[in-house]
Amino acid sequence: MSLLVVGLSHRSAPVSVLERASLAADTQAKLLQDTIAAEPATEAAVLATCNRIELYADVDKFHAGVAELSTLLAQHSGVGLEELTPYLYVHYEDRAVHHLFSVACGLDSMVVGEGQILGQIKDALARGQELHTAGRLLNDLFQQALRVGKRAHSETGIDRAGQSLVTFGLQQLAAGADPALWAGGKRALVIGAGSMSSLAAATLARTGVAEIVVANRTRARADRLVEILQQGDDTAVRARAVEMSAVGDELTRADIVVSCTGSTGLVLTADALADALGVTLDAAPEAPAVTAVAPAPDDVDQHAAWVENGSAASAAHDGPATPRRVTVPAQSTGPVRLALLDLAMPRDIDGAAHRIAGVRLVDIESLAEASADAPMAADVDRVRTIVSDEVAAFGAAQRAAHVAPTVVALRTMAADVVAGEIARLDGRLPDLDEKQRAEITQTVRRVVDKLLHAPTVRVKQLASEPGGAGYADALRELFDLDPQTVAAVSRADLNDPNRGRS
């Protein structure tokens, strides 16, 4: 196994860089295809979310792989390699497995413990399977990551301590008040009808808003989301769908706006928001900035992942980081007339909205800055133990799988030898009856099986241990196995239509 991941996330890069580096669906597909076409990579998968972009590959050369994957990320993201490099992190082999398993468990999320990442990992695997860029290694890796993530949520309380970005965002909008009391009776506008927007709409409905209006570029998807909301047994919310062209009118009636679209430009400008509130943007005073001390980005026990503003992040996060100061724009003072939650990357809502009197804006960047400590250290420790155990088990399974084709090739060679000797026996003793011939054949096979049993079992055990990959090579040399035969066994295993299905 030569697993390599090169990426950037909210832990290593400022939001401004993540926004520019975000990848549309068609760009992700082209990135995967170009990665496979590159010499060092034989498999590839891309995990792209609102706060991370990671390219996974099975490579035959580490340094060449890092250089190629970094270059491809820069080319497809549109951010120059020289600018992008300081924000990239690199993980290799077991460290890469550990990273993905941690991501799947929510340990690396902006809000620790949130479960949305599991769906995003599942989508990344499905994309790789559909484009035939995910082979045996990445199929096994991503499916195991999904199982590890589900195990962490079922065996620990991390899903109760952690929160989805939607829930946490509503808490921030409520500014310390009970979100249910704060949102009760309000009118909400949800822009977008994808998975995150659907989650936002469902969460708002459970919170107790009086009405939800869904706007989406594809009206059919908005209608479908409204239908789902109205079918919910646990809510009694009014819901309706509108065209995107009606957003301006709906803003004048909304109390809460949640936006999460795939747009590459702003969906709501500061001018549009000011118009909806009947105020003049230029006359709105700009609130002073405040400075706060942020905890180190790896300190998940503090339930925080602070965005680094204006400085290069480390290429890897293997050691403790020192606290640093970040500048956070203060919100406008006075009563809140319109609460905005922007969950998109790149952002949907103009950041200048915080200057408008009566507007409270919470976006990905402010969520990272506001994500504070939570009483979940014990759960995090248990999840870390699960991740470590699963990484060790995955590595052992991969190393054992590496030797399996060689063992199969050895047994195939032995079966061919037995068949050849029985054929010779038939030529020398043509008068043997069928019963005698069958007994001799079975005896020879038992002898061969007994001779091969101990070494093949032992080589599998040895190969599963760290550094055990060389035992397969030794077995091939000792028995003079044809490399083409071993490769054919590997290809047959890789092309098994039942492999990689969950």
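Just so you know, these numbers come straight off a predicted model, no measurement behind them.

The rules behind these values
Residues take numbers from 1 onward in each chain, read along the sequence in its written order. Local features in this predicted model are restricted to residues whose pLDDT is 70 or higher, and side-chain atom pairs enter the listing and the counts only when it is 80 or higher, whereas totals over whole chains, interfaces and linings include all residues. Where side-chain values are given, they derive from all heavy atoms of the structure, hydrogens and water being excluded. Strands here mean DSSP runs of E at least two residues long; helices mean DSSP runs of H or I at least four residues long; both are numbered from the N terminus. To sort residues, take the accessible area from a 1.4 Å probe on protein chains only and compare it with the maximum for the residue type: under 20% means buried, over 50% means exposed, and anything in between is partly exposed. Whether two residues touch is decided by their heavy atoms; if any such pair falls within 4.5 Å, the residues are in contact. Per-residue accessibility takes into account occlusion by the displayed protein chains alone, with areas from the Shrake-Rupley method and a 1.4 Å probe. Within this scheme, the nonpolar core is defined by two criteria: the residues are buried Ala, Val, Leu, Ile, Met, Phe, Trp, Tyr or Cys, and they are joined through side-chain atoms within 4.5 Å. Pairing between two strands requires that DSSP report at least two bridges joining them. Angles here are taken between N-to-C directions and fall from 0 to 180 degrees, while the axes themselves are lines fitted to C-alpha atoms, restricted in helices to the stretch in contact. In the analysis that follows, any N or O atom pair within 3.5 Å is treated as a polar contact, provided that within protein one partner can donate a hydrogen and the other can accept it, and provided that, for residues neighboring in sequence, both atoms belong to side chains. For every residue, the predictor states its confidence as a pLDDT score lying anywhere from 0 to 100. When a carboxyl oxygen of Asp or Glu lies within 4 Å of a side-chain nitrogen of Lys or Arg, that pair is called a salt bridge. Any Phe, Tyr or Trp ring, taking Trp's six-membered ring, that has another such ring centre within 6.5 Å forms a pair; planes under 30 degrees apart are called stacked, those over 60 apart edge-to-face, and the others tilted. We call two directions roughly parallel when the angle between them is under 35 degrees, roughly antiparallel when it is over 145, roughly perpendicular when it lies between 65 and 115, and oblique otherwise. Only Asp, Glu, Lys and Arg are considered charged in this grouping, and only Ala, Val, Leu, Ile, Met, Phe, Trp, Tyr, Cys and Pro are considered nonpolar; every other residue, Gly among them, is considered polar.

### A few points about the overall build of the protein
Okay, so step 1: Secondary structure summary: the protein contains 19 helices and 12 strands in total.
Okay, so step 2: Burial analysis of the protein (502 residues in total) assigns 49% to the buried set.
Okay, so step 3: Long-range pairs, those at least 24 residues apart, make up 75% of the contacts in the protein with a sequence separation of at least 6.
Okay, so step 4: For the protein, the accessible area works out to roughly 23,000 Å², and carbon and sulfur atoms hold 52% of it.

### Side note on the nonpolar core
Okay, so step 1: Leu-8, Leu-204, Ile-212, Ile-256 and Leu-343 are the most contacted members of the largest nonpolar core, which has 69 residues in total.
Okay, so step 2: Within the second largest apolar cluster, 35 residues are counted, among which are Val-5, Leu-125, Leu-137 and Val-391.

### Topic: the sheet that holds strand 3 (residues 52-59)
Okay, so step 1: Pairing is antiparallel in the open sheet, where 4 strands are placed in the order 2-3-1-4. A strand with exactly one partner marks an edge of an open sheet, and here the two such strands are strand 2 (41-49) and strand 4 (89-92). Across this sheet, the average inter-strand angle for adjacent strands is 15°, counted without regard to direction.
Okay, so step 2: Looking at chain direction, strand 1 (residues 3-9) and strand 4 are connected through 4 bridges and run antiparallel.

### Regarding the side chain of Glu-211
Okay, so step 1: Assignment of secondary structure puts Glu-211 in strand 6 (residues 211-215).
Okay, so step 2: Exposure remark for Glu-211: the relative accessible area of 14% places this residue in the buried category.
Okay, so step 3: Among the polar contacts listed, one links the side chain of Glu-211 to the side chain of Arg-240, at a separation of 3.0 Å.
Okay, so step 4: Each residue touching Glu-211, except ones within four places of it in the same chain, is listed here: Lys-186, Arg-187, Ala-188, Val-237, Arg-238 and Arg-240.

### Details of unusual backbone geometry
Okay, so step 1: For the bond from Met-345 to Pro-346, the omega torsion is 5°, close enough to zero to count as cis.
Okay, so step 2: Inspection of the secondary structure puts Pro-346 in the loop between strand 11 (338-342) and strand 12 (359-363).
Okay, so step 3: The phi dihedral of His-132 is positive, around 60°, even though this residue is not glycine.
Okay, so step 4: With respect to the element layout, His-132 can be found in the loop between helix 6 (116-130) and helix 7 (136-155).
Okay, so step 5: Of note in this structure, Ala-175 is not a glycine but carries a positive phi near 55°.
Okay, so step 6: Residue placement: Ala-175 occurs in the loop between helix 9 (165-174) and helix 10 (179-183).
Okay, so step 7: Looking at Ala-175, the relative accessible area reads 51%, which means it is exposed.

### Digging into the confidence of the model for the protein
Okay, so step 1: Confidence in the prediction for the protein averages 81 pLDDT; 79% of positions are at 70 or higher.
Okay, so step 2: Counting interchain partners and residues more than four positions distant, the pLDDT-below-50 stretch residues 283-330 has 117 contacts.

### Describing the pattern of salt bridges
Okay, so step 1: Per the counting criterion, the structure on display carries 22 salt bridges.
Okay, so step 2: The partner of Glu-211 in a salt bridge is Arg-240, and the shortest N-O contact between them spans 3.0 Å. With Glu-211 in strand 6 and Arg-240 in strand 7 (residues 238-242), the pair connects residues that are 29 residues apart, well separated along the chain.
Okay, so step 3: One connected set of salt bridges, linked through shared partners, spans Arg-11, Arg-52, Glu-54 and Asp-108.

### Things to note about the packing of aromatic side chains
Okay, so step 1: On inspection of all chains with the given rule, the structure shows 3 aromatic pairs.
Okay, so step 2: Ring centres of Tyr-56 and Phe-142 lie 5.3 Å apart, and the angle between their planes is 80°; this geometry places the pair in the edge-to-face category. Here the residue Tyr-56 occupies a position in strand 3, and Phe-142 occupies one in helix 7, the gap between them amounting to 86 residues. When sorted by exposure, Tyr-56 lands in the same class as Phe-142, which is buried.

### Topic: the sheet that holds strand 7
Okay, so step 1: Strand order in the open sheet formed by 6 strands is 7-6-5-8-11-12, with parallel pairing between adjacent strands. Single-partner strands in this sheet number two, and they are strand 7 and strand 12. Between one strand and the next, the sheet's axes are offset by a mean angle of 15°, whatever the strand orientation.

### Examining the pairing of strand 12
One face of the sheet, then the other: side chains in a regular strand alternate in exactly this way.
Okay, so step 1: The element strand 12 is largely enclosed, with a buried count of 4 among its 5 residues.
Okay, so step 2: Of the strand pairs in this sheet, strand 11 and strand 12 are connected by 5 bridges, and their pairing is parallel. Bridging from a neighbouring strand, Leu-338 pairs with Val-359 of strand 12.

### A short note on the packing of helix 5 (residues 94-104) against helix 6
Okay, so step 1: Where helix 5 meets helix 6, the axes come as close as 8 Å, and the angle between the chain directions of the two elements is 130°. Comparing the axis directions of helix 5 and helix 6 gives the class oblique. Residues Leu-100, Val-103 and Ala-104 of helix 5 lie in contact with helix 6, whose contacting residues are Ile-117, Leu-118 and Ile-121.
Okay, so step 2: Among the residues forming the contact of helix 5 with helix 6, the class breakdown is 6 nonpolar, no polar and no charged.

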